[in-house]
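# Survey of secondary and tertiary structure
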Number of protein chains: 2
Amino acid sequence: MTATDRRSTLRAPTAAHRPRRPAVAVDPVPERPAGGTTWQSLERLGGTVTGVHGRDWRPRYLQLAEELRVKITSGELAPGTLMPSETELADTSGLSRTSVRNAIRQLREWGLVRAEQGRGTYVRAPRQRVRRRNAERYQWEKDRVLLDEEERLKTGATEHDTGLTVDDLKFHAEFTRVEADADMAAALQVEPGTPLLRRVYWTSSRHENAPLTMSYSYLPYDLVAANPDLLDASNEPWPGGSQHQLYTIGVELDRIDEEVRARPPSPDEAELLDIDPGVSVLTVRKTSIDTTGRVVEVADVVMPGDRTELVYSHKLQRWKI
Amino acid sequence: MTATDRRSTLRAPTAAHRPRRPAVAVDPVPERPAGGTTWQSLERLGGTVTGVHGRDWRPRYLQLAEELRVKITSGELAPGTLMPSETELADTSGLSRTSVRNAIRQLREWGLVRAEQGRGTYVRAPRQRVRRRNAERYQWEKDRVLLDEEERLKTGATEHDTGLTVDDLKFHAEFTRVEADADMAAALQVEPGTPLLRRVYWTSSRHENAPLTMSYSYLPYDLVAANPDLLDASNEPWPGGSQHQLYTIGVELDRIDEEVRARPPSPDEAELLDIDPGVSVLTVRKTSIDTTGRVVEVADVVMPGDRTELVYSHKLQRWKI
């Protein structure tokens, strides 16, 4: 069997099974000139379309990773299964050890397998995914503030993102009084040392131990203390969420600003989110501004990058021609 | 000098110098119960505010990292300087080797230092940051389509994000004809195998080698071929950008959808972006839909996580009370 034959046996993933991640992840610049990555070597090639490539222009390690992904998502390789060794995979695929290693790294990044020190690599159970539509979520949460408590009790923002019901979720809340450090003082537009209420929220699926999201919320303590119920973590999850809590102290939000970033997890976060240290986290710093222009809450939200996507839709105005 | 004395000499960063990243990065859940991270050990503590913490509730490694960051951003530790060894830092800070190692890892994630195999850790030159306001950027780009070419030539979307002028930027474009794989076929709503124009764009600051953003754009080949100028990479950067290109073939965009994710860089991406493999990348899959509801372009944008943030602002409707 030639290498070409082997490649032709790799099945393209079906749309239903393909991982929700950008194609570029699977496309590390095949045209990149060999050797040297300074800008000088990357000058525009010029001319018209520089080449014709068929469907298999992606690197081989990725084709192997996708073949294995299909086997995992189809159940052919069930959760808990020990993955074949690098040697076995190299033998059966005809690829180099380096390509095989890259394919396994890719599966770890997708959260499909877990490497256990000295024991091998195992197939993971599929995990709850979260697809957050924050713009819609914030307005939806605001609209619910004025509903009856009975209505507000029924569902919350995480259910909105995951399709889970409130009974499917576990919720952890922990409140602390802290003093603003320089970062939070700047973000909340208060003096360093100002007392803040720090609220930690972890939300997870009832079927999983690791949280789906971790949120660290900060509000000026004196603002919140106007309603002592808001200082009591045992009142969480609060029907109607943060915007209803603010409503009880006379605050209406005008807008929410977000700064989105990517970074590796800290060792503590990797343990808590139960992710491979090679999985990134998405972070959102969420700043809530009320109708008087005051910053009333700053929250840092941390989400595991192997099963979270943030979705935005930008409607454009029509040309007036 | 006691450990407490030493900690008190750590200066809080000034707002101007603080890295643009969420406080949660600097706050890995100090309240987390020691040992065991199953959900059972994380049940709500209940009761009112559970404790009072002063300003130094962040872990020590982070305080050391911030002290070093201030020294780097102030120039006290200039670019090219060899960082003190772990032993020296442990001696001068009074912290454990583990804490010192975590502090250095933090500086690497911030893109402030670079570890060179067998040679030590060096201070990096500060790098161009990008703060992308995509919602505004897309409408701004659309509004410019109908301007004169002279106006369109003046500036582009990257200048919009960085504050750099067009003369400060280097631009690399490379076009290829490919066949749609299953992923791109689903994204573009075409049959697998449909010919696509694949456009690779790398944009960098003239003062740096590594790109600020890498974009991989895909359009149905037959759609683009209606204007042969669009098949010629030497016409890039095109005055007015993608939306003007689409205008020349009679396409007006109605909306742009985005999916934002975080992941580790591939080895090729880490090399090309000149980032430590421990720095994450932010990715945006950008889907452009025209006024007839057709998907006309799908682009995967990859940005280095140590110097990029995506900024969104969500205006909320007022309560009608």
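On a predicted model such as this, the values are computed, not experimentally measured, just so you know. (Residues numbered from 1 in each chain as written. Chains lettered and ligands numbered in written order. Predicted model: local features only at pLDDT ≥ 70, side-chain atom pairs only at ≥ 80, totals over all residues. Heavy atoms only, no water.)

## Some remarks on the packing of aromatic side chains
- Tallied over the full model, the rule gives 7 aromatic pairs over all chains.
- Here the aromatic rings of Tyr247(A) and Trp319(B) are separated by 5.3 Å at their centres, their planes lie at 80 degrees, and the arrangement is edge-to-face. Of this pair, Tyr247(A) sits in helix α10 (residues 241–247) while Trp319(B) is found in the segment after β10 (308–315), placing the two residues in two different chains.
- By relative accessible area, Tyr247(A) is classed as partly exposed at 34%.
- Linked through ring pairs, Phe171(A), Phe175(A) and Tyr201(A) together constitute an aromatic cluster.
- Above the ring of Trp319(A), the side-chain terminus of Lys142(B) is found at 5.1 Å from the ring centroid. (Phe/Tyr/Trp six-rings, centres within 6.5 Å; stacked < 30°, edge-to-face > 60°. Helix = DSSP H or I, 4+ residues; strand = E, 2+ residues; numbered from the N terminus. Buried < 20%, exposed > 50% of the residue type's maximum accessible area, 1.4 Å probe, protein only. Lys NZ or Arg CZ within 6 Å of the ring centre and 35° of its normal.)

## A short note on the environment of Ala182(A)
- Along the chain, Ala182(A) falls in helix α8 (residues 182–188).
- Through-space distance from the C-alpha of Ala182(A) to that of Pro192(A) is 5.6 Å; in sequence the pair is 10 residues apart.

## Examining the sheet that holds strand β5 (residues 195–205) of chain A
- The 8 strands lie next to each other as β4(A)-β5(A)-β6(A)-β9(A)-β8(A)-β7(A)-β10(B)-β3(B), forming an open sheet whose pairing is mixed. Each edge of the open sheet is held by one strand with a lone partner, namely β4 (169–179) of chain A together with β3 (130–132) of chain B. Averaged over all pairs of adjacent strands, the angle between their axes in this sheet comes to 20 degrees, without regard to strand direction.
- Alignment of strand β7 (residues 253–263) of chain A against strand β8 (residues 281–290) of chain A, held across 10 bridges, turns out to be antiparallel. Looking across to β8(A), one finds that Ile256(A) is bridged to Ser288(A). (Pairing = 2+ DSSP bridges. Axes fitted to C-alpha atoms, helices over the stretch in contact; angles between N-to-C directions.)

## Considerations on the pairing of strand β6 (residues 213–220) of chain B
All names here are of chain B.
- Taken across its 8 residues, β6 has 8 buried, putting it largely inside the fold.
- As paired elements, strand β5 (residues 195–205) and β6 share 8 bridges and run antiparallel to each other. Bridge pairing in β6 links Trp 202 to Met 214.
- Inspection of the sheet shows β6 paired to strand β9 (residues 295–304) by 5 bridges, in the antiparallel sense. Across the sheet, Ser 217 pairs through a bridge with Ala 299, a residue of β9.

## Some details on the pairing of strand β1 (residues 113–116) of chain A
Residues and elements named next belong to chain A.
- Relative to strand β2 (residues 120–123), β1 runs antiparallel, the two sharing 4 bridges. Its bridge partner being in β2, Arg 114 is matched across the sheet by Tyr 122.
- Between the antiparallel neighbours β1 and β2 lie 3 residues, among them Gly 118 with a positive phi of about 75 degrees.

## Here we look at the packing of helix α2 (residues 60–73) of chain B against helix α4 (residues 97–109) of chain B
Residues and elements named next belong to chain B.
- One can describe the packing of α2 onto α4 by two numbers: an axis separation of 8 Å at closest approach and a directional angle of 50 degrees. In this view, α2 runs oblique relative to α4, as classed from their interaxial angle. Remark: the crossing between α2 and α4 carries right-handed chirality. Across the interface between the two elements, Tyr 61, Leu 62, Leu 64, Ala 65, Leu 68 and Arg 69 of α2 pack against Ser 99, Val 100, Asn 102, Ala 103, Arg 105, Gln 106 and Leu 107 of α4.
- By residue class, the composition of the contact of α2 with α4 is 8 nonpolar, 3 polar and 2 charged. (Parallel < 35°, antiparallel > 145°, perpendicular 65-115°, else oblique. Left-handed = near helix turned anticlockwise from the far one by under 90°. Contact = heavy atoms within 4.5 Å. Nonpolar A, V, L, I, M, F, W, Y, C, P; charged D, E, K, R; others polar.)

## Observations concerning the pattern of salt bridges
- Across all of its chains, the model carries 50 salt bridges over all chains by this definition.
- We note a salt bridge from Arg285(B) to Asp183(B), for which the minimum N-O separation is 3.1 Å. Of the two residues, Arg285(B) sits in strand β8 (residues 281–290) while Asp183(B) sits in helix α8 (residues 182–188), which places them 102 residues apart along the sequence.
- The exposure class of Arg285(B) is buried, given its relative accessible area of 4%.
- Since its relative accessible area comes to 9%, Asp183(B) is described here as buried.
- The partner of Asp300(B) in a salt bridge is Arg285(B), with the nearest N and O atoms 3.0 Å apart. Taken together, the positions of Asp300(B) in strand β9 and Arg285(B) in strand β8 put the pair 15 residues apart, joining distant regions of the chain.
- You can call Asp300(B) buried: its relative accessible area is 0%.
- The network of salt bridges with shared partners includes Arg114(A), Glu116(A), Arg119(A), Arg124(A), Arg127(A) and Asp274(A). (Salt bridge = Lys/Arg side-chain N within 4 Å of Asp/Glu carboxyl O.)

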